[in-house]
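Listed below, chain by chain, are the residues.
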Amino acid sequence: MHFVFHIDATDGAARTGAITMPRGTIRTPAFMPVGTAATVKAMYPGQVRDLGADVVLGNTYHLMLRPGPERMARLGGLHHFMNWPHPILTDSGGFQVMSLSALRKLDEQGVTFRSHVDGSTHHMSPERSIEIQGLLGSDIQMQLDECVRLPADHATIERAMHLSLRWAERCRVAFGEQPGKAMFGIVQGGDVPALRVESARALTDLDLKGYAIGGLAVGEPQAVMLAMIETVEPYLPANKPRYLMGVGTPDDLLCSVARGIDMFDCVMPTRAGRHGLAYTRHGRINLRNARHAEDTRPLDEASACPAARDYSRAYLHHLVRSDEILGMMLLTWNNLSYYQDLMAGMRRAIAEGRLAAFSEETRAAWARAEA
Ligand SMILES: Nc1nc2c(CCNCC3CCCCC3)c3[nH]c(NCCc4ccccc4)nc3cc2c(=O)[nH]1
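Residues numbered from 1 in each chain as written. Predicted model: local features only at pLDDT ≥ 70, side-chain atom pairs only at ≥ 80, totals over all residues. Heavy atoms only, no water.

Chemist: Honestly, the pattern of salt bridges in this entry has me stumped. Any pointers?
Modeler: If charged atoms from side chains of opposite charge come close, those side chains can pair. Tallying each qualifying case throughout the model produces 18 salt bridges. The closest approach of N and O atoms between Lys105 and Asp107, which form a salt bridge, is 3.0 Å. For Asp207, the salt bridge goes to Lys240, with nearest N and O atoms at 3.1 Å. Here the residue Asp207 occupies a position in the loop between α8 (193-205) and β12 (210-213), and Lys240 occupies one in the loop between α9 (222-232) and β13 (242-244), the gap between them amounting to 33 residues. A relative accessible area of 16% means that Lys240 is categorised as buried. The structure contains a network of salt bridges with shared partners spanning Arg27, Arg49 and Asp54. (Salt bridge = Lys/Arg side-chain N within 4 Å of Asp/Glu carboxyl O. Helix = DSSP H or I, 4+ residues; strand = E, 2+ residues; numbered from the N terminus. Buried < 20%, exposed > 50% of the residue type's maximum accessible area, 1.4 Å probe, protein only.)

And the structure:
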């Protein structure tokens, strides 16, 4: 059984369906928790699974530096290593190199950089990125690409988009035919509609298993991000998954699903949890704030998640102020649970043809929360 994407229902541009793969099924629209160093920080894998996640992200950049791809392969691969037997998607590492590593160079051959772990020099070509993702055992592998921060000038955006297209072809050759696995292309083109369309058309000609929209959530206003999604969507095959990289807030998810996006990843819910921020049906709550010091209510008594139901805001406030590890654990658990509940709610709403009503009710509940 290979990589099969089917759509069960549509509501406007929104779709709900599933990707069936050998390691499991990914229900879409899907939010993919980020597992940077082979762990979804502060969570047990079983917990991540129980709150509804079908797939997590692995991080090529971190794992190639430590423990290293060949060692990971000797240890049985990332799924075995982190005890996550379900699908794993890995980014290609280029974005992390440009945002995390010191001293880096990018040319036609790939990216050269120094490790933020021990200062050693590394070179990653499109071929090596696909090889690393293969050694990790990744089920969905991303092409190596160049993501340009916005705002940027037309020439820079065009050059990076054309380089990413050439790298997409090299990654496709390096990936070859791996039944049950997939390689996704990444649409670039910044905030220039014509370049976005050119990128989408060229990637569609490569007949890939899925298409990511990259180069967004890099500093542009939400309106620009949404405009680029609307520009590109008609040029992407309707029968292939669309993955919006690095997105986003709950509102971003509502807006992007409505415009035809099927998959998301973002560090927001996990990182915010570690910083004392809780995402709830009533909006975002900063538990560090003194106003919670004697609030005996849980985050959300209607939630099925123990972190949202069995602990008072006063207690969470105490844990956050005391920098207690349990505070990070409970808020990460709550946030990922909220994100998965939001995705499950959208999948159900699309199946019932009422995504607009669902989104309106969801936003109204955020607004009703006390200031
Ligand atoms: N190849 C590639 N990756 C991109 C990523 C990384 C997606 N997450 C990977 C994941 C792998 C495992 C480790 C963690 C990262 C992006 N993230 C964002 N915005 C984040 C905006 C943001 C959101 C919240 C907090 C900080 C920044 N835009 C992105 C554009 C691209 C892109 O064009 N190409």
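Chemist: Mind showing me how you'd approach the environment of Cys255 here?
Modeler: Along the chain, the position of Cys255 falls in helix α10 (residues 250-258). When the C-alpha positions of Cys255 and Pro193 are compared, they lie 19 Å apart, and in sequence the two are 62 residues distant.

Chemist: Would you mind going over the sheet that holds strand β11 (residues 182-187) with me for this structure?
Modeler: Strand pairing within a sheet occurs via backbone hydrogen bonds; the two strands may be parallel or antiparallel. With parallel pairing, 8 strands are arranged side by side in an open sheet as β4-β14-β13-β12-β11-β10-β6-β5. Edge positions in the open sheet fall to β4 (30-32) and β5 (56-59), since each of these has one partner strand only. Each adjacent strand pair in this sheet contributes to an overall mean axis angle of 25°, direction not counted. Of the pairings in the sheet, the one linking β13 to strand β14 (residues 263-265) comprises 2 bridges and is parallel in character. Within the sheet, the bridge partner assigned to Leu244 lies in β14 and is Phe264. Against the sheet, helix α6 (residues 126-136) engages β6 (88-91), β10 (140-142) and β11, with an angle of about 155° to β10. (Pairing = 2+ DSSP bridges. Axes fitted to C-alpha atoms, helices over the stretch in contact; angles between N-to-C directions. Contact = heavy atoms within 4.5 Å.)

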